[in-house]
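Fold and contact review
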Amino acid sequence: MKNRTKLPNIYLAFLIILMYLPVAVVIAYSFNASRQSSVWGGFSFSWYKELFSDRSLIEALKNSLIIGVLSSGIAGVIGTLGAVGMAKAALKSKGIIEYISTLPIMIPEIILGMVFMAYFSLMKLPFGMVTLVIGHASFCIPYVFMMVKARLAGIDKSLVEAARDLGASETKVFLDITLPLISPAIISGMLLAFAMSLDDVVISIFITGPRTNTLPIKIYTQLKTGVTPKINALCTMMLLCTLVLVVLANFIGRKKPVKD
Amino acid sequence: MTIKSRKKNKSNLWYGVIPLYLFTLTFVCGPLIYMLVLSFLSRAEVWGVEKVFTLSNYIKIFEPVYFNTFIESLKLALLTTAITLLVGYPFGYFMAKLSSRGKKVMMLLVIVPFWTNALIRMYGWIIIFRSNGLLDKLLMGLGLTDKPLKLLYSFPAVLVGMVYALLPFMILAIYSVSEKLDWSLVEAARDLGATRLQAFLTITIKLTLPGILSGVVLVFIPSMGLFFIADILGGGKFMLVGNLIRDQVITTRNWPFASALSVLLMILTSLIIWIYRRVTHVKDLEGLV
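Note that the coordinates shown come from a computational prediction; the quantities given were computed from them, not determined experimentally. (Residues numbered from 1 in each chain as written. Chains lettered and ligands numbered in written order. Predicted model: local features only at pLDDT ≥ 70, side-chain atom pairs only at ≥ 80, totals over all residues.)

**Overview of the overall build of chain A**
Assigned secondary structure in chain A consists of eleven helices and zero strands. Tracing chain A from N to C terminus, the helices and strands come up as α-α-α-α-α-α-α-α-α-α-α. Across its three principal directions, the C-alpha atoms of chain A cover 70 × 65 × 30 Å. Within chain A, the fraction of its 260 residues that count as buried is 49%. A fraction of 80% describes how many contacts in chain A between residues 6 or more apart in sequence connect residues 24 or more apart. (Helix = DSSP H or I, 4+ residues; strand = E, 2+ residues; numbered from the N terminus. Buried ≥ 20, exposed ≤ 12 C-beta atoms within 10 Å, placed from the backbone. Contact = placed C-beta atoms within 7 Å.)

**Some details on the overall build of chain B**
Within chain B, the secondary structure is distributed over 13 helices and two strands. Considering only C-alpha atoms, chain B reaches an extent of 75 × 70 × 35 Å along its principal axes. Burial statistics for chain B: of 289 residues in total, 45% are counted as buried. Of the contacts made within chain B by residues no fewer than 6 positions apart, 70% connect residues no fewer than 24 positions apart.

**Comments concerning the interface of chain A and chain B**
Of the residues lining the interface, 73 residues belong to chain A; the matching set on chain B comes to 76 residues. At twelve residues, the largest contribution of residues to the side of chain A that touches chain B is made by helix H1 (residues 2–30) of chain A. The residue inventory of the side of chain A that touches chain B, partitioned by class, reads 58 nonpolar, nine polar and six charged. (Nonpolar A, V, L, I, M, F, W, Y, C, P; charged D, E, K, R; others polar.)

**With respect to the confidence of the model for chain B**
Should pLDDT be low for a region, the predicted coordinates there are not to be read in detail. Residues and elements named next belong to chain B. For chain B, per-residue confidence averages 85 on the pLDDT scale, and 93% of positions sit at 70 or higher. At the low end of the mean pLDDT range in chain B sits helix H6 (residues 134–141), at 81; at the high end sits helix H1 (residues 17–38), at 95. The low-confidence segment residues 1–9, where pLDDT is below 50, has 15 contacts with residues more than four positions distant or belonging to other chains. (pLDDT = per-residue confidence, 0-100.)

**Considering the nonpolar core**
Soluble globular proteins tend to bury their nonpolar side chains together. In terms of nonpolar packing, the biggest core is built from 163 residues, with Ala75(A), Met114(A), Val144(A), Tyr123(B) and Ile229(B) touching the most fellow members. Contacts of Ala75(A), omitting those with residues within four sequence positions, involve Ala137(A), Cys140(A), Ile141(A), Tyr143(A), Val144(A), Met190(A) and Ala193(A). (Core = buried A, V, L, I, M, F, W, Y, C linked by C-beta atoms within 7 Å.)

**Notes on the packing of helix H5 (residues 109–122) of chain A against helix H13 (residues 255–280) of chain B**
Axis separation between H5(A) and H13(B) bottoms out at 10 Å; the angle between their running directions is 140 degrees. Taken together, H5(A) and H13(B) sit at an angle that is classed as oblique. For the element pair H5(A) and H13(B), the recorded crossing hand is left-handed. Residue-level inspection shows Ile111(A), Met114(A), Val115(A) and Ala118(A) of H5(A) in contact with H13(B), the latter providing Trp255(B), Ala258(B), Ser262(B), Leu265(B) and Met266(B). In terms of residue class, the contact of H5(A) with H13(B) is built from eight nonpolar, one polar and no charged. (Axes fitted to C-alpha atoms, helices over the stretch in contact; angles between N-to-C directions. Parallel < 35°, antiparallel > 145°, perpendicular 65-115°, else oblique. Left-handed = near helix turned anticlockwise from the far one by under 90°.)

**With respect to the pairing of strand E2 (residues 49–53) of chain B**
Within a regular strand, side chains alternate between the sheet's two faces. All names here are of chain B. Counting buried positions over the five residues of E2 gives zero, only a small fraction of the element. Sheet topology note: the strand E1 (residues 41–43)/E2 ladder contains three bridges and is antiparallel. Opposite leucine 41, over in E2, you have phenylalanine 53 as the bridge partner. (Pairing = 2+ DSSP bridges.)

**Re unusual backbone geometry**
Residues and elements named next belong to chain B. Located in the positive-phi region is tyrosine 153, a residue other than glycine, with phi close to 65 degrees. Inspection of the secondary structure assignment puts tyrosine 153 in the loop between H6 and helix H7 (155–180). Unlike most non-glycine residues, arginine 253 shows phi in positive territory, near 60 degrees. One can find arginine 253 in the loop between helix H12 (241–251) and H13. A count of 16 C-beta atoms within 10 Å places arginine 253 in the partly exposed class.

**Regarding the packing of helix H5 (residues 118–129) of chain B against H7(B)**
Residues and elements named next belong to chain B. Where H5 contacts H7, the two axes come as close as 11 Å, and the packing angle between them is 145 degrees. With respect to the hand of their crossing, H5 and H7 are arranged in right-handed fashion. Along the contact surface, H5 presents Ala118, Arg121, Met122, Trp125 and Phe129, while H7 presents Ala157, Val160, Gly161, Tyr164 and Ala165. Looking at the contact of H5 with H7 residue by residue, the classes come out as eight nonpolar, one polar and one charged.

**A look at helix H6 (residues 129–153) of chain A**
Residue and element names in this part refer to chain A. Under the 1.5 Å per step criterion, the end-to-end length of H6 is 36 Å for 25 residues, consistent within 8% with the ideal 36 Å. A bend of about 30 degrees at serine 138 is the largest found in H6, and the proline proline 142 appears one to four places after it. For H6, the tally of buried residues reaches 20 of 25 residues, placing the bulk of the element in the interior. (Expected span 1.5 Å × (residues − 1). Bend = angle between axes of the 7 residues up to and from the residue.)

**Re the environment of Gly85(A)**
Turning to its location among the elements, Gly85(A) is positioned in helix H3 (residues 55–88). Classification of Gly85(A) as buried rests on a count of 22 C-beta atoms within 10 Å. Excluding anything up to four places from it in sequence, Gly85(A) contacts Leu13(B), Trp14(B), Tyr15(B), Gly16(B) and Val17(B).

**With respect to the confidence of the model for chain A**
Across chain A, the average pLDDT comes to 87, with 94% of residues at or above 70. By mean pLDDT, the top-scoring element of chain A is H6(A) (94), and the lowest-scoring one is helix H11 (residues 230–253) of chain A (82).

**Topic: helix H10 (residues 209–223) of chain B**
The end-to-end C-alpha separation of H10(B) is 21 Å, in line with the 21 Å expected for 15 residues at 1.5 Å each. Burial analysis of H10(B) places 14 of its 15 residues in the buried class, the great majority of the element.

**Re the environment of Tyr143(A)**
Residue placement: Tyr143(A) occurs in helix H6. The spacing of Tyr143(A) and Ile203(A) is 60 residues in sequence and 17 Å in space, taken between C-alpha atoms.

**Comments concerning the environment of Gly225(B)**
Counting through the fold element by element, Gly225(B) comes out in the loop between H10 and helix H11 (227–234). In this structure the C-alpha to C-alpha distance between Gly225(B) and Ser262(B), which are 37 residues apart in sequence, comes to 9.9 Å. When neighbours within four sequence positions are excluded, Gly225(B) is seen to be in contact with Pro108(A), Glu109(A), Ile110(A), Ile111(A), Val241(B) and Gly242(B).

Given below as structure tokens:
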């Protein structure tokens, strides 16, 4: 009997180790003094120094952060309002619009990238930051929308009704009761959206301009053309950012809405 | 946007849908319709698109060069899905049986790679698979092989990359149904004399089916389009639908043909989602958020 209970844990641990192995390798090699990744030349911070003196990388990082903040911000507003509105609206087109709005995270990214490229050039939008923000917002919105929608469904209706019965206006009820209850969902949805924006390479490659680089595009071109160990340091920095985001989202998302 | 009943619209909050409607119509619906239109237009001699109706883009897909790419992609996607299911099912299932503290920790551990840039994770595999890289050194050190395996830029490397990138989707889908599973049903079956295996096959599998299907959809669909994994770990030797579309758009600039390919991929995707909904009667995919 004891063996039976241990086996699952061994399996879980084994897979987790395997999942983190490539990440651990990247981190380890970011401190490698040697230029070749097959040789361990001792511990060093030199790649980090080089990283921070590389103008184009810092520029790409700045772009990625701006795009991430803007697109997750737009998603926060449109997604939240949309989810709240959908719950109240009696529109026939509701179902179909909801379906279409979540398509960007359902269909393969490559389709989205391709159609955006064609569509944006049809609309004569300048390729660069503008197109990147719109493109990223399209797949950020569904994350916020779906999370807020799920949280709305879990809210105790009697709270809202009680406040209404006591004479509060609808706007007041929304601001004082509904919004605080759904805010953890909004924030964790936006954080997830931000992470996805920071992660995206497939769509970005299609809709970026000739002079605009994002961090993932930069990493992708380096991986294809030839890697300098600087990329290890860059990846490690990005990992650190992600970790902070996940912990933050987990911390905020854990506060469950009052149900009883 | 017809309004069904004014009664429910007493509330003013429904105005909130307006930005969502506008964005969805302009930046999701619009591009998709444009793609459909493009796929029926002809390619101009030198640059751009000519407004002449044609079906040739769709016929072109069935030329052996392109059709084989589609079939190869499907094969890789199916193989990826099957492996992620085999590896991910026990993981999600065991995870659901942990203590609530254990679950939280595990959840965090699974989510971190999921949020992490896929390129970074692929890069880790390059270091591992590279000729004379970590894996070769390990295997040669153990005396299992005597020369480098040359795993990088091979089919197994691409497969590992795909499975690795998409596994978290499967795990989360399986976990989210397993967690809600009514274990008393399994216990009842055991009390009534079913063996562990029988109870698992007849009760557990059936109850977790929505999660299995959701995981299959969540893994299968993206795996058709992830061109960069085939690029980075396959060294350009493997042409998948994703790579084909990318090349048609960026290198060859044949937008109508790329659109036709995308339309076909889109139809395939919608079909899978439609089947999923018919089978499970669920609208949202299990474990997506």
